[in-house]
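# An overview of the molecular structure
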Amino acid sequence: MKQRIESLLPPAFLGILGGGQLGRFFTQAAQDLGYKVCVLDPDPLSPAGAIADKHIRADYEEPSALSEMANICQAVSTEFENVPAKTLDYFVSRGLLVSPLSFAVSIAQDRIAEKSFLNTPDHAAGIKSAPYHTLLEEVDLATVDSHLFPGILKTARLGYDGKGQVFVAHSRDLRAAWQAIGNVPAVLEKKLQLAYEISALVVRGRDDEIKLYPLAENQHVGGILHLSLVPAPSITTEIERKINEATIQIVKHLDYVGVLCIEYFVLTDGEIVTNEVAPRPHNSGHYTLDACVTSQFEQQVRALAGLPLGSTELLCPAVMLNLLGDIWPTSTDEVVQPPWHLVLNQPMNKLHLYGKSEPKIGRKMGHITILGKSTQSIMASIQQTITNLGMD
Ligand code: ADP
Ligand code: MG
């Protein structure tokens, strides 16, 4: 029997912490359902703030801003994991519906807590993270086992898109690497031989219903997501089953409500390892906007508001291609746009631009979802778009 739950119907005001592209898609999904949206983001030019019904331009810990948001909104979610736990707790104390809660977010925002959670027996159905060592202070440098080299040193907090990470070939390079990341708490992970990378996207409603999306296979360039392919072409039925089982265990043990993404590595010897958890919609789930019955952002809204979840069914194979600031021409002072007509003249290309005015190297400016009969046929045709945009 399903639990009866409180639900918040349109045109209620929903709040989103963070005004980047994830917040913008949340805003669009909420507005499509008839909700009003209030964005909190200090950036006056934030992509979500530009389209929200209300934009509070303030820091995520500013008491008067939080109070204003609590007065306007009946529920609050977040688009990024680095939101202060205190902020989420404040909204709970003000009686708002909040998802995700600070318990899950504080694990996901700290690689040390995250790894310890993922490696706790039963939490991930027996799947472990890469072997690692925690470095809190200088004395810990001397205690790292040599089998972790070559390794990757990752800051415990605030890393994304490969930032806050240094490759460490040998134990003698560790001290310099730790200095390079600012002598902050970190984990040293063994560098593994990856066969392919998978992300699992899951949503859990307030009534405990859990829905899995099809797994995505991800290709990174320079530590930044480049392509996501769905259905994942390399995966076997057995690996898919194990990853889905682990994902369900993780979402339950985090007592999570909302959209959660878990990154997994599949190694060349077939072993599966957990990588990291994002307590929010994920870049690798953008394909759901065009290829699934319900997008990850609509699910975020539904879970937050206590509505029934929508179907996660894949309507069509899809490949998502990220568009970074690198492809914007830099020859003049004025911002010149890439040749979008050469993207839009392919009828199965779906272009999404995030409304960011300043293209920068490595900055996520938009993405294209290419739909087709199979990921194989899409990959055969995607090269034309990549070449047209000067990405090769
Ligand atoms: P971020 O928070 O920047 O996404 P990740 O930990 O996911 O950080 O690392 C980014 C990418 O670096 C991964 O998607 C993977 O391609 C590579 N990577 C990370 N950790 C390892 C590892 N232990 N072994 C091999 N490759 C790794
Ligand atoms: Mg990652």
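That block above? That's the structure.
Numbers given to residues run from 1 along each chain, matching the order in which its sequence is written. Here the convention is simple: chains get letters from A, ligands get numbers from 1, in the order in which they are written. The model is predicted, so local features are restricted to residues of pLDDT at least 70 and side-chain atom pairs to those at 80 or more, both for listing and for counting; the totals for chains, interfaces and linings are taken over all residues. To get the side-chain values, all heavy atoms of the structure are used, and hydrogens and water are removed first.

## Quick look at the site of ligand 1
- Whether a residue is near a molecule or strand is decided by its heavy atoms; if any one of them lies within 4 Å of it, the residue is near. Taken together, 19 residues lie near ligand 1, and Lys154, Gly162, Gln165, Glu197 and Asn275 sit nearest.
- For ligand 1, a nitrogen atom lies 2.9 Å from a polar atom in the backbone of leucine 192.
- Against a free-state accessible area of 550 Å², the protein chains account for coverage of 90% of ligand 1.
- When contributions to the shell around ligand 1 are tallied by element, the ones reaching two or more residues are strand S8 (151-155), strand S10 (186-190), strand S11 (194-204), strand S15 (258-267) and strand S16 (272-278).
- In terms of domain composition, the shell around ligand 1 takes at least three residues from each of domain 2 (131-190) and domain 3 (194-388). Whenever two N or O atoms come within 3.5 Å, that pair is a polar contact, provided that in protein one can donate a hydrogen and the other can accept it, and provided that, for residues adjacent in sequence, both atoms are side-chain atoms. The Shrake-Rupley method, run with a 1.4 Å probe sphere, supplies the accessible areas, and residue values consider only the shown protein chains as cover. Under the DSSP-based scheme used, a helix requires at least four consecutive residues in state H or I and a strand at least two consecutive residues in state E, with every element numbered from the N terminus. Domain boundaries shown here were taken from an automatic or database domain assignment.

## Some points on the packing of helix H1 (residues 21-32) against helix H9 (residues 296-305)
- With their axes 8 Å apart at the nearest point, H1 and H9 run at an angle of 65° to one another. Comparing the axis directions of H1 and H9 gives the class roughly perpendicular. Between H1 and H9 lies a crossing of right-handed hand. In this structure, H1 uses Leu22, Phe25, Phe26, Ala29 and Ala30 to contact H9, whose residues at the interface are Phe297, Glu298, Gln300, Val301 and Leu304.
- Looking at the contact of H1 with H9 residue by residue, the class counts come to eight nonpolar, one polar and one charged. Note on definitions: angles span 0 to 180 degrees between N-to-C directions of axes, and those axes are lines fitted to C-alpha atoms, for helices only across the stretch in contact. Geometric relationships in this document are graded by angle, where less than 35 degrees denotes roughly parallel, more than 145 denotes roughly antiparallel, 65 to 115 denotes roughly perpendicular, and other angles denote oblique. A clockwise turn of the near helix away from the far one marks a right-handed crossing, whereas an anticlockwise turn of less than a right angle marks a left-handed crossing. Residue contacts follow a heavy-atom distance rule, with two residues in contact if any of their heavy atoms lie within 4.5 Å. Residues are grouped as follows: nonpolar covers Ala, Val, Leu, Ile, Met, Phe, Trp, Tyr, Cys and Pro; charged covers Asp, Glu, Lys and Arg; every other residue, Gly included, is treated as polar.

## Describing the coordination of the magnesium ion (ligand 2)
- Bound to the magnesium ion (ligand 2) on the protein side are Glu263 (OE), Glu263 (OE) and Glu276 (OE), at distances that span 2.0 to 2.7 Å. Note that glutamate 263 is positioned in strand S15 and glutamate 276 in strand S16, a separation of 13 residues in sequence. Metal sites are built from N, O and S donor atoms within 2.8 Å, or 3.2 Å for Na, K and Ca, and they leave out water, so they may look incomplete.

## A closer look at the side chain of lysine 356
- Counting through the fold element by element, lysine 356 comes out in the loop between strand S18 (349-353) and strand S19 (364-371).
- Comment: no salt bridge for buried lysine 356; closest opposite-charge side chain is aspartate 161, at 8.2 Å.
- Side chain to side chain, lysine 356 and glutamine 21 meet in a polar contact 2.8 Å long.
- The residues contacting lysine 356, other than those within four sequence positions of it, are Gln21, Pro47, Arg363, Lys364 and Met365. Exposure is judged per residue with a 1.4 Å probe applied to protein chains only, and the accessible area is read against the type maximum: over 50% gives exposed, under 20% gives buried, and values in between give partly exposed. In this tally, Lys and Arg are treated as positive and Asp and Glu as negative; His is ignored, and so are the chain termini. Any Lys or Arg side-chain nitrogen found within 4 Å of a carboxyl oxygen on Asp or Glu counts as a salt bridge.

## Some details on the environment of threonine 294
- Structurally, threonine 294 is set in the loop between helix H8 (288-291) and H9.
- Put simply, threonine 294 and tyrosine 160 are 134 residues apart on the chain and 26 Å apart in space, counted from C-alpha to C-alpha.
- Excluding anything up to four places from it in sequence, threonine 294 contacts Tyr213, Thr288, Gln299, Arg302, Gly310 and Ser311.
- At 2.8 Å, the side chain of threonine 294 and the backbone oxygen of serine 311 are in polar contact.

## A word on the sheet that holds S8
- Strand pairing is assigned whenever DSSP identifies at least 2 bridges connecting the two strands. Taken in spatial order, the four strands of this open sheet run S7-S10-S8-S9, and their pairing is antiparallel. For this open sheet the edge positions go to strand S7 (132-135) and strand S9 (165-168), each flanked by a neighbour on one side alone. Shown here is a sheet whose adjacent strand axes are inclined to one another by a mean of 20°, direction ignored.
- Inspection of the sheet shows S8 paired to S10 by five bridges, in the antiparallel sense. Bridge assignment links leucine 153 to a residue of S10, and that residue is leucine 188.
- Its contacts with the sheet put helix H5 (residues 111-118) on S7, S8, S9 and S10, and the angle it makes with S10 is roughly 50°.

## Considering the sheet that holds strand S1 (residues 13-17)
- An order of S3-S2-S1-S4-S5 is seen for the five strands of this open sheet, with the pairing classed as parallel. Where the open sheet ends on each side, the last strands, each with one partner, are strand S3 (54-56) and strand S5 (97-98).
- Pairing geometry for strand S2 (residues 36-40) and S3, over three bridges, is parallel. Within the sheet, the bridge partner assigned to leucine 40 lies in S3 and is isoleucine 56.
- Taken strand by strand, H1 contacts S1, S2 and strand S4 (75-78), and its axis lies near 170° from that of S1.

## Side note on the nonpolar core
- For this analysis, a nonpolar core means a set of buried residues of the types Ala, Val, Leu, Ile, Met, Phe, Trp, Tyr and Cys, connected via side-chain atoms within 4.5 Å. Core analysis: the biggest nonpolar cluster contains 26 residues, and Ile198, Ile235, Ile243, Ile250, Leu254, Leu260 and Tyr264 have the highest contact counts within it.
- Looking at this core, the elements that each hand over two or more residues are helix H4 (102-108), H5, S11, helix H7 (237-253), S15 and S16.
- A per-element tally of this core places H7 first, with five residues.
- When neighbours within four sequence positions are excluded, isoleucine 198 is seen to be in contact with Leu215, Ala216, Glu217, Asn218, Ala232, Ile235, Ile243, Ile262, Glu263, Tyr264 and Val266.
- The next biggest cluster of nonpolar side chains, apart from the first, holds 22 residues, and it includes Leu8, Ala30, Val301 and Ala305.

## A look at the environment of glutamine 383
- Relative to the elements of secondary structure, glutamine 383 occurs in helix H11 (residues 375-388).
- For glutamine 383, a relative accessible area of 40% puts it in the partly exposed group.
- Taking the C-alpha atoms as reference points, glutamine 383 and valine 301, separated by 82 residues in sequence, lie 35 Å from one another.

## Side note on H11
- Across its 14 residues, H11 extends 20 Å between first and last C-alpha, which sits within 8% of the 20 Å expected from 1.5 Å per residue.
- What we call the bend at a residue is the angle made by axes fitted to the seven residues finishing there and the seven residues starting there. Where H11 bends most, at serine 381, the angle is about 35°.
- All of the buried residues along H11 are Thr375, Ile378, Ile382, Thr385 and Ile386.
- At its buried positions, H11 is contacted by strand S14 (224-230), strand S17 (318-324), helix H10 (341-344), S18 and S19.
- Count one or two residues on from H11 and you reach glycine 390, which has phi positive near 65°. Here, expected helix span is obtained from the residue count minus one, scaled by 1.5 Å.

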